[in-house]
Amino acid sequence: MLTPTVEAEASLLRATQLLWAASLIEVGLDLPIDLSEVLLQDSIRILVWQAAALLPEGVPLDGAQPASPDLLATLEQVEAELRTRPIWEYPGGTSQLIVQICDVIGETRAGTLT
Amino acid sequence: MTNPTTPLITAADDWARSILLDSYTNPHTDQLVQGWAQVMRSAAQTWDAVPGGPTWQSVNVPGGYPFRSVTAAATQIAADATWWQHSPPDPRAAQITNLFDHAADSIQKLRDGVPPTDGQLQQAAELRAGLLHVSYVLTHAAATGTARTAAQLSEDDPARSEQVSMLNTRILGVEQILDAHLRRAPYPSVPPTQIDALDQTLNTLARHAYEVQSRANPATNLVLADIGRDLTGNTGRLAIQSTVQGRLPVGDLQDRLLPALGEAVQQWTASRYTWVRLMGPRQDRPDPQSVTIGNQLRRQLRAPGLADHPAIHASMTIALNITTELAVLNHCALTNPDLQAPGGSVGRFTQDVINSGPNRWNHLTNWYASGPAAGPNPVPLPEALRGHLAQQGQATLDAALTARSAGNVLADRSGYQTLALHQGQSGAKPHGRPEAPSRDRPGPDAPRIG
């Protein structure tokens, strides 16, 4: 397969760091009220590790500041970040990550997460 | 050398993502399926436009003929959807087809017989990688659309729902083929039914969690805590859906199950926060298999129509049981005497624990006497921090046990319904409950003797 480019790896790292930052945002835990937010963040937390697995060992996950404290907006920012390079420049497995991210965004927008 | 196909494939990727992003709301699944089949045919032609001589099929250029079987399947699937045959293809899919056709024209200028340059090989490799990716994204969108449509039709038109569901199963097969070509390692197969798949993954999770526990680093424990929370939250979501469908009494949900699940979610959150604090700035990676299972579960738990399955209460009960096992393992990991963490993390965490806890002065004196930890190297945990971790592990376990106990409301219903079916009872009351436990007939929570 193709070798990932430095620019695409930097983009993937930035996307991963944004996911990590979103995974640390405090959300309400009153289940009847906050369930959709809780489930969205759970999805993001799993996505963090799916993305991190595509990066070299030892890179820091801290360091990105989402443009908005809103979880969905951050996820959309991540998806947009992963459009900045052609797909073949990213490491193998990025297609699957993108599909998962789009799934979560689509479900959230459609209100079907809960 | 500039690759002339790059802007074409990038634009096709944008269209495919746009289709996927609205596949959860787009009412025109018919157009999506027609457009998808058309794109698969176009992808096959573009794939085959790359010269096929041995010098072209080199290490970097994805080889094989993935689109031959994909095209055959997609064409047949679209043809079998006879009720959608006259639908026009989704206009965005038509855009992708155009872009692929242009890319094929561009690559056809390259010919067999002349040894390719490195630039030409790169161009061929990028084109094929792009084709696989765009086709995979679009196939996933078609799978999502058909799954949603099948679920929507299930009440009004069960026969059509079954037909669309079959299309969905076949599209998932195509997705699996493309996924396998995108990955180097094989991808888990699509099991026969949603509920079987979910149960199978839950079982895999339990087995794997036991196996990985002895070598789990904080990052792996963090992932397991996230899975615990996701399972708990999704059980709540499925329980709400079940109540809406009249299969679970509102009282059981509101008074018993949701409060217990809510507390468990809070405790899993606190446990995962504990693991985050034990990780260093350059975190270890979690065990990849745990991440894969977490992802698989996430997808399976959100499968459209899952809440309607007659066996869903049993699966939710299994999920709550396995979450309890995860809580046991979480407790073991938090109280493991060999647990170590980077000195800097331990130092900051211990300071916070001491500041917020009782006997602050005693703990602080002992801690400073032993020399506060610092730096990136792993160090053992001081007593004050161990006590805090043990408390957190216990609180999460207690909450998971309470949630599992509250899950009896699910077992009660399915047990009662099964009994009613066996006894040939008809006209069971909505929200019918077994008779209240009595001295002669203990309920499921009553202690058994002997």
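Keep in mind that what you see is a predicted model, and the values were worked out from it rather than measured. (Residues numbered from 1 in each chain as written. Chains lettered and ligands numbered in written order. Predicted model: local features only at pLDDT ≥ 70, side-chain atom pairs only at ≥ 80, totals over all residues. Heavy atoms only, no water.)

## Describing the overall build of chain A
Turning to step 1, where the next piece is worked out: The secondary structure content of chain A amounts to four helices and zero strands.
Turning to step 2, where the next piece is worked out: When the helices and strands of chain A are listed from N to C terminus, the series reads α-α-α-α.
Turning to step 3, where the next piece is worked out: Principal-axis analysis of the C-alpha atoms gives chain A an extent of 45 × 25 × 20 Å.
Turning to step 4, where the next piece is worked out: For chain A, with 114 residues in total, the buried portion stands at 61%.
Turning to step 5, where the next piece is worked out: Sequence-distant contacts, at least 24 apart, represent 76% of the contacts inside chain A between residues at least 6 apart.
Turning to step 6, where the next piece is worked out: Of the roughly 3,900 Å² of accessible surface on chain A, a fraction of 53% belongs to carbon and sulfur atoms.
Turning to step 7, where the next piece is worked out: When the 5 positive and 16 negative side-chain charges of chain A are each reduced to one mean point, those points stand 7 Å apart. (Helix = DSSP H or I, 4+ residues; strand = E, 2+ residues; numbered from the N terminus. Buried < 20%, exposed > 50% of the residue type's maximum accessible area, 1.4 Å probe, protein only. Contact = heavy atoms within 4.5 Å. Areas by Shrake-Rupley, 256 points an atom, 1.4 Å probe, with all protein chains shown as cover. Lys, Arg positive; Asp, Glu negative; His and termini not counted. Charge placed at Lys NZ, Arg CZ, Asp CG, Glu CD.)

## Concerning a negative patch on the surface
Turning to step 1, where the next piece is worked out: A grouping of Glu155, Asp156, Asp157 and Asp308 of chain B is seen on the molecular surface, where their side chains present a negatively charged patch.
Turning to step 2, where the next piece is worked out: Turning to its location among the elements, Asp157 of chain B is positioned in the loop between α5 (118-153) and α6 (158-182). (Patch = residues over 30% accessible without salt bridge, like charges linked within 9 Å, V, L, I, M, F, W, Y side chains within 5 Å. Salt bridge = Lys/Arg side-chain N within 4 Å of Asp/Glu carboxyl O.)

## Brief notes about the nonpolar core
Turning to step 1, where the next piece is worked out: With 157 residues, the main nonpolar core has Trp49 of chain A together with Trp36 and Phe67 of chain B as its most contacted residues.
Turning to step 2, where the next piece is worked out: Considering each element in turn, this core owes the most residues, 14 residues, to α5 of chain B.
Turning to step 3, where the next piece is worked out: Residues in contact with Trp36 of chain B, not counting those within four places in the same chain, are Ala74, Ile77, Ala93, Leu138, Thr139, Ala142, Ile171 and Val174 of chain B. (Core = buried A, V, L, I, M, F, W, Y, C linked by side-chain atoms within 4.5 Å.)

## Thoughts on the interface of chain B and chain A
Turning to step 1, where the next piece is worked out: Each side of the interface is counted separately: chain B has 59 residues, and chain A has 49 residues.
Turning to step 2, where the next piece is worked out: Carbon and sulfur atoms supply 60% of the area that chain B and chain A bury against each other, a total of about 5,100 Å² over both sides.
Turning to step 3, where the next piece is worked out: The largest share of the area that chain B buries against chain A comes from Arg17, Leu21 and Arg285 of chain B, three residues that together contribute 16% of it.
Turning to step 4, where the next piece is worked out: Taken together, the links from chain B to chain A amount to four salt bridges.
Turning to step 5, where the next piece is worked out: In this structure, Asp14 of chain B and Arg83 of chain A form a salt bridge, with 3.0 Å as the shortest nitrogen-oxygen distance.
Turning to step 6, where the next piece is worked out: Run the count over chain B and chain A and you get 18 residue pairs in polar contact (both at pLDDT 80 or more). (Buried area = accessible area lost by both parts, 1.4 Å probe. Polar contact = N/O pair within 3.5 Å; in protein donor to acceptor, adjacent residues only side chain to side chain.)

## As for the pattern of salt bridges
Turning to step 1, where the next piece is worked out: In the structure shown here, the tally under the stated rule is 16 salt bridges over all chains.
Turning to step 2, where the next piece is worked out: Between Arg17 of chain B and Asp13 of chain B there is a salt bridge, with the nearest N and O atoms lying 3.1 Å from each other. Residue Arg17 of chain B and its partner Asp13 of chain B are located together in helix α1 (residues 6-21), separated by four residues, close to a single helical turn.
Turning to step 3, where the next piece is worked out: Arg17 of chain B gets classed as buried once you look at its relative accessible area, which sits at 1%.
Turning to step 4, where the next piece is worked out: Linked by salt bridges that have partners in common, Glu79 and Arg83 of chain A together with Asp13, Asp14 and Arg17 of chain B make up one network.

## Describing the environment of Asn203 of chain B
Turning to step 1, where the next piece is worked out: With respect to the element layout, Asn203 of chain B can be found in helix α7 (residues 194-213).
Turning to step 2, where the next piece is worked out: Taking the C-alpha atoms as reference points, Asn203 of chain B and Ala225 of chain B, 22 residues apart in sequence, are found 17 Å from one another.

## A closer look at the packing of helix α2 (residues 31-52) of chain A against helix α10 (residues 288-301) of chain B
Turning to step 1, where the next piece is worked out: It is the contact of α2 of chain A with α10 of chain B, at a shortest axis distance of 9 Å, that shows an interaxial angle of 140 degrees. As far as their axial angle goes, α10 of chain B and α2 of chain A are oblique. Taken as a pair, α2 of chain A and α10 of chain B cross one another with a handedness that is left-handed. Packed against α2 of chain A, whose contacting residues are Ser43, Ile46, Trp49 and Gln50 of chain A, the element α10 of chain B presents Val291, Gly294, Asn295 and Arg298 of chain B at the interface.
Turning to step 2, where the next piece is worked out: Residue classes in the contact of α2 of chain A with α10 of chain B are distributed as three nonpolar, four polar and one charged. (Axes fitted to C-alpha atoms, helices over the stretch in contact; angles between N-to-C directions. Parallel < 35°, antiparallel > 145°, perpendicular 65-115°, else oblique. Left-handed = near helix turned anticlockwise from the far one by under 90°. Nonpolar A, V, L, I, M, F, W, Y, C, P; charged D, E, K, R; others polar.)

## Examining helix α14 (residues 383-406) of chain B
Turning to step 1, where the next piece is worked out: Its 24 residues give α14 of chain B an end-to-end C-alpha distance of 35 Å, which sits within 8% of 34 Å, the value for a rise of 1.5 Å per residue.
Turning to step 2, where the next piece is worked out: Every buried residue of α14 of chain B is accounted for by Ala384, Leu385, Arg386, Leu389, Gln392, Gly393, Thr396, Leu397, Ala399, Ala400, Ala403 and Ala406 of chain B. (Expected span 1.5 Å × (residues − 1).)

## Side note on the environment of Gln76 of chain B
Turning to step 1, where the next piece is worked out: Turning to its location among the elements, Gln76 of chain B is positioned in helix α3 (residues 66-80).
Turning to step 2, where the next piece is worked out: When the C-alpha positions of Gln76 of chain B and Arg148 of chain B are compared, they lie 21 Å apart, and in sequence the two are 72 residues distant.

## Some details on the packing of aromatic side chains
All names here are of chain A.
Turning to step 1, where the next piece is worked out: Within the structure shown, the criterion is met by three aromatic pairs over all chains.
Turning to step 2, where the next piece is worked out: Residues Trp20 and Trp49 carry aromatic rings whose centres are separated by 5.9 Å and whose planes lie at 75 degrees to one another, so their mutual orientation is edge-to-face. Of this pair, Trp20 sits in helix α1 (residues 6-23) while Trp49 is found in helix α2, placing the two residues 29 residues apart along the sequence. Of the two residues, Trp20 and Trp49, both sit in the buried class. (Phe/Tyr/Trp six-rings, centres within 6.5 Å; stacked < 30°, edge-to-face > 60°.)

## A few points about the side chain of Asp30 of chain B
Residue and element names in this part refer to chain B.
Turning to step 1, where the next piece is worked out: In this fold, Asp30 is placed in helix α2 (residues 29-49).
Turning to step 2, where the next piece is worked out: Among buried charged residues, Asp30 stands out as having no salt bridge; its nearest opposite-charge side chain is Arg148, 9.2 Å away.
Turning to step 3, where the next piece is worked out: Not counting chain neighbours up to four residues away, the residues in contact with Asp30 comprise Trp84 and Ser87.

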